[in-house]
Structure formats: structure tokens, C-alpha cells
Amino acid sequence: MATEGQTLEQQLGALLDQERFEPPDEFAEQAVVTDPGIFERADQDPEGFWSEQADALHWNQRWDEVLDWSEPPFAKWFVGGKLNVSYNCVDRHVEAGNGDRVAFHWRGEEGEERDITYADLHRDVQRFANALKDRGIGPGDVVGIFLPMIPEVAVAMLACARIGAPHNVVFGGFSPQSVKERMEFSEAKALITVDGARRKGKTAPIKQAVDDVMGDVDSIETVFVVKSTGIDAPMGERDVWFHEAMEAADPECPAEPLDAEHPLYILYTSGSTAKPKGILHTTGGYLTQVAYTHRVVFDLKPEEDVFWCSADVGWVTGHSYIVYGPLANGATSVMYEGAPDYPDKDIWWEIVERYKVTLFYTAPTAIRACIKWGAEYPERHDLSSLRLLGSVGEPINPKAWLWYWKVIGGERCPVVDTWWQTETGAIMITTLPGMQAPKPGSAGTPLPGIEASVVDDEGEDTGTEQGFLTLRRPWPSMLRTLYKEEDRFIETYWSKFGEDVYTVGDAARRDDDGYFWIIGRIDDVINVSGHRLSTAEVESALVSHERVAEAAVIGQADEDTGQSIAAFVTLSGGGDGSDELVGDLREHVAQRIGKLARPKRIIWADDLPKTRSGKIMRRLLRDIAEGRELGDVTTLRDPDVMSQLNDKIKERQGQEG
Ligand code: WT7
């Protein structure tokens with residue numbers, strides 16, 4: 001390639017015309033999956049295909065039936081089978097003689113390092129499982145986990161799995177108020193948290209903050225507190241130090257064989273109402289598909305590779321590709337506690353060099369941040385260990401894809417763009433890296449065994465036109481229900497096109513090669529930096545502020561974060577609020593939900609555009625916020641509202657510009 005003398009920008013610009021990127025021969029030759037026949041075979045006999053994948057796990061008792069789909073949408077996978085997730089993720093690797101293999105290269109924010117081997121996990125998971133039992137926690141009891149990215153989070157999750165107590169992990173960036181809500185919804189019996197959490201050189205007093213709100217959650221009988229930063233932590237009657245509970249516990253805890261459909265975890269995610277949805281995942285099918293996808297999509301060679309998923313363990317990406325997938329496969333991973341720009345903006349690349357990371361998985365928003373910071377940061381480090389790159393969380397724009405491929409991957413690493421959801425549990429649409437050429441901007445094709453289609457309002461295939469993304473066939477790691485909300489489960493996912501067709505909630509288009517191009521959400525869910533938020537949840541937080549009469553929240557396109565939150569706010573008594581009130585409202589939302597949900601922009605509105613039946617027309621608000629021509633306003637109760645709002649936005653832009 002004649003690239004000499006060209007700037008990086010020019011080189012990337014020239015690549016924009018290249019439709020697809022074939023895997024390099026050296027990669028293709030050694031890939032885990034190389035046989036194109038796999039798609040057809042899986043398509044003809046999906047149950048046979050998945051049962052082959054399930055055979056990679058250790059079962060205490062083999063299943064009688066691969067799939068029971070007699071009462072859609074309630075699927076049962078590997079019916080009658082028994083296994084234990086923690087045995088599969090830990091014990092069997094130790095028994096195979098791999099106890100010395102590093103499970104996690106843990107890296108703390110201030111540069112601390114800890115290698116946790118499979119033998120270490122085996123020891124700690126057994127002890128903590130017994131500590132849970134000592135406190136009366138058993139099969140079916142929900143255990144909340146609110147921890148930063150420290151090794152104890154994996155120990156806690158695996159210990160729960162060992163005794164059949166479903167965990168309910170809450171992302172560390174959520175506020176204690178959100179933790180409380182999620183503990184109440186799930187009637188958690190215990191909570192595992194931490195004294196304090198570090199972020200960019202500061203320490204936040206987590207235990208104190210949790211205490212401030214959690215006092216009246218009566219279902220919680222025990223709070224385990226990990227001593228992590230040494231910051232003062234008030235300890236009350238139901239509180240116990242994690243390390244003391246471990247010391248007091250019996251060292252041996254044999255893994256209990258559990259039913260394949262035993263609940264493994266609940267993970268709350270945002271939906272179209274203010275109440276988050278408790279996605280329920282179970283044991284055998286989930287582990288089968290996360291282990292399978294982790295192996296084939298990332299081309300994993302457990303003896304040689306070092307895998308790093310930069311997500312937080314509090315999201316599904318962390319559940320499936322920091323904890324369960326990699327550990328089920330006996331892989332070595334990196335777990336990093338800190339931020340990507342602390343102490344400096346090259347920390348990620350320092351870590352890649354230090355641990356010789358071979359497989360790296362991150363989100364488009366992070367890649368865009370790196371682009372902004374400049375190629376000089378990755379260029380400071382030797383990234384030649386990398387051999388594959390992954391992306392997840394939102395559509396990756398071709399420019400970011402190309403930068404990732406060229407600057408981070410040195411033009412030699414296949415990039416896999418992986419489409420999936422909290423609900424799907426594991427990767428569903430992507431490219432098999434040794435065999436399928438990615439097209440920047442497209443996630444790729446459904447994986448073997450997965451059937452997806454794009455349909456119109458009537459459920460008819462749209463050909464290559466944009467439409468609703470649907471999944472046509474059950475898959476092993478699918479959500480089984482919404483915790484304690486069965487009707488909502490049916491209504492949200494299985495009612496639009498029939499009880500056996502899963503409605504994803506994304507718009508998409510399929511091209512002539514069968515590649516899927518994901519457009520984005522079609523419901524009232526916003527995707528900020530790959531984090532899923534509900535407009536209704538943010539609205540409800542805003543109106544709980546005493547000055548706010550009404551609020552309408554929308555997602556608007558954002559160069560850095562994909563989407564950002566804009567809130568139209570009507571004050572009680574009318575009029576505009578001060579800059580100080582903007583700050584107050586943002587802080588209020590941070591308290592209620594978490595900093596990630598703070599509106600980037602607040603627009604004072606005397607009134608909001610509503611239909612005659614009183615429904616807020618968000619489409620119009622989106623048009624206004626993004627400066628588009630206004631769509632049809634004739635159905636509005638009061639069409640004048642829009643011109644007032646428009647004037648206000650213009651005035652504001654005048655001031656800012
Ligand atoms: C929504 C699911 C899966 C873990 C992270 C997010 C969007 C996710 C992609 C991708 C285009 C994507 C979709 C999806 N999304 N991955 N590769 N390309 N869009 O999980 O919070 O459950 O969000 O994220 O809109 O529905 P989640």
C-alpha cells in the first residue's frame with residue numbers, strides 16, 4: 001500500500017471504500033472454526049448442534065431432551081441434565097492439572113498486580129460458598145453483589161453459582177438508591193459490597209453510602225463487606241467482613257449438581273418503563289452458549305491466549321465474557337480495576353504490552369475516545385501480541401472500525417463486531433474470524449444455530465429493507481423470563497409477531513450477502529456509551545425533584561458516546577431554571593440512578609408536545625434536539641408548543657455559538 005507521506009486520516013479515508021476485510025492467511029490457517037459447512041449443519045439440526053456444544057461441559061447427569069419448546073415462550077434446555085457452573089469454571093481445570101494457570105491477571109488502578117490462578121479460585125470459591133451457607137443462604141436465595149472490578153467479584157459470583165443462589169450484580173456506577181431498588185425487586189437475602197471504591201485517584205466510601213439507603217431493606221439478612229481500600233466502613237449488626245467470614249468458613253465445599261434450568265443469575269436492565277427488567281438466566285444452556293461463543297468468536301486457544309474484555313463485570317458483557325465464558329474455557333484473562341485515562345491515556349496499551357494480551361474486546365465508545373486522544377498513546381507501546389479485536393455495545397461506525405483495525409490491530413487482527421443483548425446472554429450475530437470477512441459497520445451474520453430475520457409491521461421478511469430485528473428460534477442462553485414479571489416478559493418480547501418469535505427491540509437491515517446492519521433501538525431505550533438506559537427511568541428521576549412538574553427525555557446522536565441524554569423539563573410555576581438548577585437536576589439524577597444517567601443537556605420547556613390523548617411525542621422532541629425539519633405536528637393538542645420550543649432552542653444556540 002502506498003501510504004507514505006499520507007496522514008493517518010488520509011489513510012483511513014482511503015480505506016472507507018473497502019467493503020470487506022478478509023482474514024489474513026496466517027490467521028485463517030490456525031483458526032478454531034474453518035469449515036463453512038458448520039452453518040448448514042447447525043441449521044439442519046440445531047438441537048444436535050447445541051448438544052455437541054453442551055458436551056464440552058462437565059455434566060453430572062446427561063440431559064434427556066435437548067430442548068423443550070412445547071410451551072413457548074418458556075424454553076427449557078437440556079431437560080433433566082445436572083451440572084454445576086462453578087465446577088465447570090474452576091474445579092475441572094484444577095483436576096485436569098491446570099491449577100497453576102492464571103485465571104486473572106488483576107491490575108489495580110495504582111498499578112498493583114495480582115495473579116489469581118485456577119487453584120486460588122478453587123480455594124476461595126469453596127470458602128466463600130461455605131461462608132454464604134453459614135449465613136443461611138441456600139439454593140434459590142438471591143444474593144446482591146455491588147462490587148468494583150476486584151478479584152473478589154468473580155469469587156462471589158462463582159460461590160453463589162456453586163450453591164445455587166442466583167446472584168444479582170449491580171454495576172458499580174449505579175447509585176446506592178438503584179442498588180436498593182434492585183435488592184427490593186429481587187428480595188435479596190444478602191448483599192456483598194465493599195468498604196470503598198477507587199476511581200482516578202479518589203476513593204468513594206461505598207459501604208457508608210449503601211448504609212445510608214439500605215437500612216430498611218428487611219429481606220437482607222447479611223451484608224458481606226470486602227476490605228479493599230481500607231477506607232472507614234461502618235459495621236452494623238448484620239454486617240460481616242468478607243475476609244473474616246472466609247477465615248471462619250470450612251475450606252471444602254463440594255459443588256452441588258444443579259438442574260440445567262436452575263436460575264444462575266438475575267441482571268436488571270432498562271426497558272421502556274421506569275422499572276428495570278430482571279433478566280433471568282439459567283445454568284446449562286447459558287454456560288453452553290457463553291463457552292461456545294467465547295471459543296469460536298474470539299478464536300480462543302486457552303493454553304496460549306490472554307483475553308481481555310474491558311467491560312465492567314456489572315454488565316452482561318462482564319458476566320459472560322469476563323467471568324463465565326473465559327473461566328468455563330480455562331482461559332487466562334486480564335481484569336482491570338481502573339479507568340482508561342488514569343494515570344494516563346495509554347494505560348490500556350501499557351496493560352496489553354505488559355500481559356501480552358492476544359484477544360481484546362471493547363466498546364465503540366471507548367475506541368472513539370482513543371481516536372480523540374490520538375494515536376500517539378497506543379504508539380507508545382508494543383501491541384504486537386494482539387491477534388484479534390472485538391467490539392460490542394452499539395453499532396461501530398466504519399471510521400472507528402478502521403482506526404481500531406489499523407492503529408490497534410496493526411492491520412493483522414480480524415475485528416469481530418458482536419451483536420447481542422442482556423437478554424440473549426451470549427453473542428448472536430458476528431463474523432467467525434477465520435472464515436468470514438467483516439464489513440465495517442455490519443455486525444455480520446447469525447452464528448451457527450441462530451436464526452434471525454428482519455421483518456415489517458406484519459411480520460413479513462423485508463428482503464433488504466430496514467425493519468424489526470427478530471430471532472426465530474430458541475437459543476440456549478436466552479433469557480427464561482423477567483424475574484417475577486412473567487406477563488411483562490411475554491408482552492415485551494413475544495407478543496408482536498407471535499409467541500415463538502423474539503422481538504429484539506432493534507431496527508436492522510440485511511444485505512444481499514446475509515450480513516446484518518444494526519440501526520439502533522426502536523423502543524424508549526437510550527444507548528449512552530454502550531450503557532443501556534430507559535427514558536422513563538430518567539424522567540421519573542427528574543420529576544421526583546421538587547421543582548420539576550414534567551419531563552420528557554430523549555436520546556440524541558452524540559459523536560463520543562453514540563447517544564446522549566437530552567431532557568425537556570417543565571418547572572412547577574413555569575419559566576426557565578437557572579444554571580444552578582441544571583446542576584441540581586443532574587446531581588439529583590446521579591443520586592437516583594447513577595452518574596451515567598445524568599442528562600447532558602437540559603432544555604426548559606413551558607409545555608411539552610402531546611397528542612390529544614396526552615402522550616408525549618418524543619419523535620418531535622428528537623427532531624427539535626437534533627435540529628431537523630419538524631415532522632407532522634397536526635396531531636398535537638397544541639401545535640404552538642413546538643414553535644415555542646423551537647425558538648427557545650435557536651435562542652440558546654445563538655448564545656452558545
Ligand atoms: C443493545 C443491548 C451485549 C452487551 C452490551 C449491551 C445494542 C449491542 C451491538 C452491536 C449494534 C449493538 C443493541 C442491543 N448493541 N451490541 N455489536 N452492534 N448494536 O447489552 O445493554 O443489553 O444492550 O445494545 O441495540 O439491543 P445491552
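It should be emphasised that the depicted structure is a prediction, and the values quoted were computed from it without experimental measurement. Residues take numbers from 1 onward in each chain, read along the sequence in its written order. Selection of residues for local features in this predicted model requires a pLDDT of at least 70, selection of side-chain atom pairs for listing and counting requires 80 or more, and totals for whole chains, interfaces and linings are taken over all residues. Hydrogens and water are ignored here; the side-chain numbers use all heavy atoms of the structure.

Caption draft 1: Up close: the site of the ligand. Whether a residue is near a molecule or strand depends on its heavy atoms: it is near if one of them lies within 4 Å of it. Close to the ligand lie 17 residues; Asp417, Thr418, Thr422, Arg521 and Arg532 are nearest. In protein, a polar contact means a hydrogen-donor-capable atom and an acceptor-capable atom, both N or O and within 3.5 Å, with residues adjacent in sequence counting only if both atoms are side-chain atoms; elsewhere, any N or O pair within 3.5 Å suffices. Thr422 has a polar side-chain atom sitting 2.5 Å from an oxygen atom of the ligand. In short, Shrake-Rupley with a 1.4 Å probe defines the accessible areas, and a residue's cover is counted only from the protein chains shown. Contact with the protein chains removes 96% of the 550 Å² of surface that the ligand exposes when unbound. Broken down by secondary-structure element, the contributors of at least two residues to the shell around the ligand are helix H12 (316-328), strand E20 (415-418) and strand E27 (516-521). Lys, Arg, Asp and Glu make up the charged group, whereas Ala, Val, Leu, Ile, Met, Phe, Trp, Tyr, Cys and Pro make up the nonpolar group; the residues left over, Gly among them, are polar. When its residues are assigned to classes, the shell around the ligand shows six nonpolar, six polar and five charged. Runs of H or I in DSSP of at least four residues are treated as helices and runs of E of at least two as strands, each being numbered from the N terminus.

Caption draft 2: The arrangement of the sheet that holds strand E26 (residues 502-510) in detail. One requirement defines pairing of two strands: DSSP has to find at least two bridges between them. Read from one edge to the other, the open sheet built from four strands follows the order E23-E24-E26-E27, with strand pairing classed as antiparallel. Taken across any chain shown, the strands that pair with only one partner, and hence form the sheet edges, are strand E23 (452-455) and E27. Going across the sheet, the axis of each strand differs from the next one's by a mean of 45°, ignoring polarity. Pairing geometry for E23 and strand E24 (residues 467-471), over four bridges, is antiparallel. Looking at E24, one finds that Ser453 is bridged to Thr470. Think of each axis as a best-fit line through the C-alpha atoms, taken over the contacting stretch in the case of a helix, with angles from 0 to 180 degrees between the N-to-C directions.

Caption draft 3: The arrangement of the sheet that holds strand E14 (residues 263-269) in detail. With mixed pairing, the eight strands of this open sheet are ordered in space as E12-E11-E8-E6-E7-E14-E15-E25. Strands with a single pairing partner mark the edges of an open sheet, and in this sheet they are strand E12 (239-241) and strand E25 (481-482). By the convention used here, residues are in contact when the closest approach between their heavy atoms is within 4.5 Å. Helix H8 (residues 176-186) rests against strand E6 (143-145), strand E7 (167-169), strand E8 (190-194) and E14 of the sheet, and its axis sits at about 135° to E14. H12 contacts E7 and E14 of the sheet and is inclined by roughly 145° relative to E14.

Caption draft 4: Geometry of the packing of helix H11 (residues 284-297) against H12. Remark: H11 packs on H12, axes separated minimally by 8 Å, with the N-to-C direction vectors making an angle of 85°. What the angle tells us is that H11 and H12 run roughly perpendicular. Contacts between H11 and H12 involve Tyr286, Leu287, Val290, Ala291, Thr293 and His294 from the former and His319, Ser320, Tyr321, Tyr324, Gly325, Pro326 and Ala328 from the latter. Split by residue class, the contact of H11 with H12 holds eight nonpolar, five polar and no charged. Roughly parallel covers angles under 35 degrees, roughly antiparallel covers those over 145, roughly perpendicular covers 65 to 115, and oblique covers all other angles.

Caption draft 5: Geometry of the pattern of salt bridges. The working definition used for a salt bridge is a side-chain nitrogen of Lys or Arg within 4 Å of a carboxyl oxygen of Asp or Glu. Taken as a whole and assessed by the stated rule, the structure comprises 49 salt bridges. The closest approach of N and O atoms between Lys406 and Glu411, which form a salt bridge, is 2.5 Å. You can call Lys406 buried: its relative accessible area is 14%. According to the relative accessible area criterion, Glu411 is partly exposed, its value standing at 32%. The cut-offs for exposure are 20% and 50% of the maximum accessible area for each residue type, with area from a 1.4 Å probe on protein chains only; residues under the lower value are buried, those over the upper are exposed, and the others partly exposed.

Caption draft 6: Fine view of the side chain of Glu539. Inspection of the secondary structure puts Glu539 in helix H18 (residues 535-543). Beyond its immediate stretch of four places on either side in the chain, Glu539 contacts Ala551, Ala552, Val553 and Arg618.

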